[in-house]
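# Geometric and topological summary
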Amino acid sequence: MRCTFCENRAVLRLRHANLRLCPEHLVARVEKEAQRAIREFRMFTPQEKILVAVSGGKDSLGLWQILTNLGYRADGLYMDLGIAGYSVRSREFCEEFARERGLTLHVLRVEEEVGAGLDEIARVLRGEPCSHCGAIKRYLMNRAALAGGYDALATGHNLDDEAATLLGNALRWDLEYLGRQYPVLPAGRKLVRKVKPLIYVSEREMVAYCLIRGIRYIYEECPHSVGARSLFLKDILNRLEDQYPSTKITFLKSFLRVHPLLPAPEEVELRDCPVCGMPTAAEGPCRFCRIKERMAQRAPA
Ligand code: AMP
Ligand code: FES
Ligand code: ZN
Ligand code: ZN
C-alpha cells in the first residue's frame, strides 16, 4: 500500500479522509489538522501562553508535542489523582516526556489539594467517581492556569471523544450540554479560556502519531472508568464507522455547523465561593470545596 502523497509505504489508511499515509505524511496531516482547528476556532495565537493538561495518555502528550512543533509556547500540567498504581505510572510518562524535551511540567497532587486521592473519594462519596474526578480536575486546571498567567488551557480531547460526547448529549437532547459543547469556551472572570485542538484528529491517528514521534505513553485506562457509558458510546460509533466510514467526522462537523442555531446556554450568575474565592454557580461553597469538606469529615478507613 503506497502513500497517497509519495512513493513510501503507507502505515495507516484513513477511510474517512480517503488517504493512505506514510509516517512522514501522517505526522504532517495530524499537525495540519490541529493547526486548522486552532485557526478556525481562534483558539490562541503564537504570542499567547498555553497550558496543556497532560494525563500521560497519547492524546494529551501528543498534543503537547504538536503545539511545541507548531511553534506555540506550551507548558504542561499533570494532576496526580491518587489512583493506586495508575497515577504513579502516568505521572512517570509525563515527567519523562517533559525532561527529554526540556519542557516545563507543573504537577498537582489531588491528595494534597483535597486531603484524599480519587480511590478514597470513590470509596467515601456517593455518585460516579468520574463525576467527582471531572469536577476536581476542572477546578484545579483552571486555578493553575489562572495562577500561572496562561491565556488558554488545552486538553487532548480527540475526534472519537468529541463524537461520543456528542452522541451522549444528543441521545438526551440535552440542549444545555449541547450548547456548551464547543471546541473553545471563552474566558470569563477568574475562568481561563478552554480549547480542544484535536477535535479533527481520530484516536487511530494519535496512536500512530505517538509511535512515529517516539512518544511513550500509558496504555491503561483509568480503573474507575470500567463500564463507563462513554466507552460504550465510543464502541457503538466505532461499529458505525466500520460500516459507514466518515460517520464520526460528519456527525461532529455537521453539529458544529448547526451549533450557532442552538439556544444560547442559560446565563448562570457566578459568585465567588465563600471558602476559596473561585467562581461557582452554587449557593455557598463550590463543588470542589464541598468535596474537600466531606472528605475531611470522613470516618477513618
Ligand atoms: P479524560 O477526561 O480522561 O478523557 O481526559 C480528557 C483530557 O483531560 C485529557 O486529554 C487531558 O488533556 C486532560 N486530563 C485528564 N486527566 C488528566 C490528569 N490527571 N492531569 C492532567 N490532565 C488530565
Ligand atoms: Fe478520573 Fe478515572 S480519570 S475517575
Ligand atoms: Zn508519504
Ligand atoms: Zn471553593
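Everything that follows concerns the structure shown earlier in this document.
Residues numbered from 1 in each chain as written. Chains lettered and ligands numbered in written order. Predicted model: local features only at pLDDT ≥ 70, side-chain atom pairs only at ≥ 80, totals over all residues. Heavy atoms only, no water.

### Here's the deal with the nonpolar core
Under the convention used in this document: Residue types Ala, Val, Leu, Ile, Met, Phe, Trp, Tyr and Cys, when buried and joined through side-chain atoms within 4.5 Å, form a set referred to as a nonpolar core. For each residue, the accessible area found with a 1.4 Å probe, counting protein chains only, is set against the maximum for its type, and the residue is called buried under 20%, exposed over 50%, and partly exposed in between. Think of it this way: any DSSP run of H or I at least four residues long counts as a helix, any run of E at least two long counts as a strand, and we number them from the N terminus. Note on definitions: a residue-residue contact is assigned when non-hydrogen atoms from the two residues lie within 4.5 Å.
In terms of nonpolar packing, the biggest core is built from 82 residues, with Phe44, Leu61, Leu67, Ile121 and Ile136 touching the most fellow members. Considering every element that reaches this core, the biggest residue donor is helix 6 (residues 129-147), with seven residues. Residue contacts for Ile121: discarding those within four places in its chain leaves Val110, Val114, Ala116, His132, Ile136, Ile291 and Met295. In terms of nonpolar packing, the next biggest core, distinct from the first, is built from five residues, Ala163, Leu167, Leu233 and Leu237 among them.

### Notes on the site of ligand 1
Let me state the cut-off plainly: Neighbouring residues are identified by heavy atoms, a residue being near a molecule or strand if any of them is within 4 Å of it. Pairs of N or O atoms within 3.5 Å make up the polar contacts considered here, provided that, within protein, one atom can donate a hydrogen while the other can accept it, and that residues adjacent in sequence are counted only when both atoms are side-chain atoms. Three residue categories are used. Nonpolar comprises Ala, Val, Leu, Ile, Met, Phe, Trp, Tyr, Cys and Pro, charged comprises Asp, Glu, Lys and Arg, and polar comprises the others, including Gly.
Taken together, Ala53, Val54, Ser55, Ser60, Leu77, Tyr78, Met79, Leu81, Lys137, Thr155, Gly156 and His157 are the residues near ligand 1. Within the backbone of Ala53, one N or O atom sits 2.5 Å away from an oxygen atom of ligand 1. If you tally residues by element for the shell around ligand 1, the top one is strand 4 (residues 73-80), at three residues. The residue makeup of the shell around ligand 1, split by class, is six nonpolar, five polar and one charged.

### Examining the packing of helix 2 (residues 58-69) against helix 3 (residues 86-101)
What counts, and what does not: As a rule, the C-alpha atoms of each element are fitted with a line to give its axis, helices using only the stretch in contact, and angles between N-to-C directions run from 0 to 180 degrees. Roughly parallel means an angle under 35 degrees; roughly antiparallel, over 145; roughly perpendicular, 65 to 115; everything else is oblique. For any pair of crossing helices, the crossing counts as left-handed if the nearer helix is rotated counterclockwise from the farther one by less than a right angle, and right-handed if it is rotated clockwise.
Closest axis-to-axis distance for the helix 2/helix 3 pair is 11 Å, and the angle between their directions is 15 degrees. Comparing their axes, helix 3 and helix 2 come out roughly parallel. Once helix 2 is placed against helix 3, the crossing between them reads as right-handed. When helix 2 is examined against helix 3, the residues Leu61, Trp64 and Gln65 are found in contact with a partner set consisting of Phe93, Cys94, Phe97, Ala98 and Arg101. Within the contact of helix 2 with helix 3, the residues separate by chemical class into six nonpolar, one polar and one charged.

### Looking at a positive patch on the surface
Inclusion rule: Like-charged residues are merged into a patch within 9 Å and nonpolar side chains (Val, Leu, Ile, Met, Phe, Trp, Tyr) within 5 Å, provided each residue has over 30% relative accessible area and no salt bridge. Accessible surface is estimated by sampling points in the Shrake-Rupley manner with a 1.4 Å probe; for residues, cover comes only from the protein chains shown. Salt-bridge detection follows one rule: a side-chain nitrogen of Lys or Arg within 4 Å of a carboxyl oxygen of Asp or Glu. His is not counted, nor are the chain ends; Lys and Arg add positive charge and Asp and Glu add negative charge. Every charge is mapped to an atom, namely NZ of Lys, CZ of Arg, CG of Asp or CD of Glu.
On the surface, a cluster of positive charge is contributed by Arg126, Arg138, Lys194, Arg287, Arg290 and Arg294. Counting residues per element, the positive patch draws most heavily on helix 12 (residues 287-296), at three residues. With respect to the element layout, Arg287 can be found in helix 12. Taking the relative accessible area as the measure of exposure, Arg287 reaches 31% and is therefore partly exposed.

### Re the pairing of strand 5 (residues 105-109)
Operational definition: When DSSP finds two or more bridges between two strands, those strands count as paired. Orient the strands so they point away from the viewer, and a crossover whose first-strand-to-second-strand path over the helix runs clockwise is right-handed.
Both strand 4 and strand 5 contribute to a ladder of five bridges, which runs parallel. Bridging from a neighbouring strand, Tyr78 pairs with Val107 of strand 5. Crossover connection from strand 4 via helix 3 to parallel strand 5: handedness right-handed.

### Side note on the packing of aromatic side chains
The geometry of an aromatic ring pair is captured by the separation of the ring centres together with the interplanar angle, meaning the angle of the planes. Definition in use: Aromatic pairs are defined between Phe, Tyr and Trp rings, using the six-membered ring for Trp, whenever the two ring centres lie within 6.5 Å; interplanar angles under 30 degrees are classed as stacked, those over 60 as edge-to-face, and all others as tilted. Comment: the charge-over-ring label is applied if NZ (Lys) or CZ (Arg) is within 6 Å of the ring centre and within 35 degrees of the ring normal.
Here the structure, examined in full by the defined rule, presents six aromatic pairs. When the centroid spacing of 6.5 Å and the interplanar angle of 45 degrees are considered together, the rings of Phe41 and Tyr200 count as tilted. Linking Phe41 in the loop between helix 1 (23-40) and strand 3 (49-53) with Tyr200 in the loop between strand 8 (193-195) and helix 9 (203-213), this pair joins segments that are 159 residues apart in sequence. An identical accessibility class is assigned to Phe41 and Tyr200; each is buried. By way of ring pairs, the aromatic residues Phe41, Tyr182 and Tyr200 are connected into one cluster. Directly above the aromatic system of Tyr177 lies the positively charged group of Arg180, at a separation of 5.3 Å from the ring centroid. Here Lys253 stacks its cationic end above the ring of Tyr200, 4.8 Å away from the centre of that ring.

### Things to note about the sheet that holds strand 5
In space, the six strands of this open sheet follow the order 5-4-3-6-8-7, with mixed pairing throughout. The open sheet is flanked by strand 5 and strand 7 (184-185), the only strands paired with a single partner. Relative to strand 3, helix 2 is tilted by about 160 degrees, and along the sheet it contacts strand 3, strand 4, strand 5 and strand 6 (152-154). Helix-sheet contacts for helix 6 involve strand 3, strand 4, strand 5, strand 6 and strand 8, and the interaxial angle to strand 4 is about 140 degrees.

### Describing a nonpolar patch on the surface
On the surface, Phe232, Ile236, Leu240 and Tyr244 cluster together into a nonpolar patch covering about 400 Å² of accessible area. Along the chain, the position of Phe232 falls in helix 10 (residues 229-243). With relative accessibility at 54%, the residue Phe232 sits in the exposed group.

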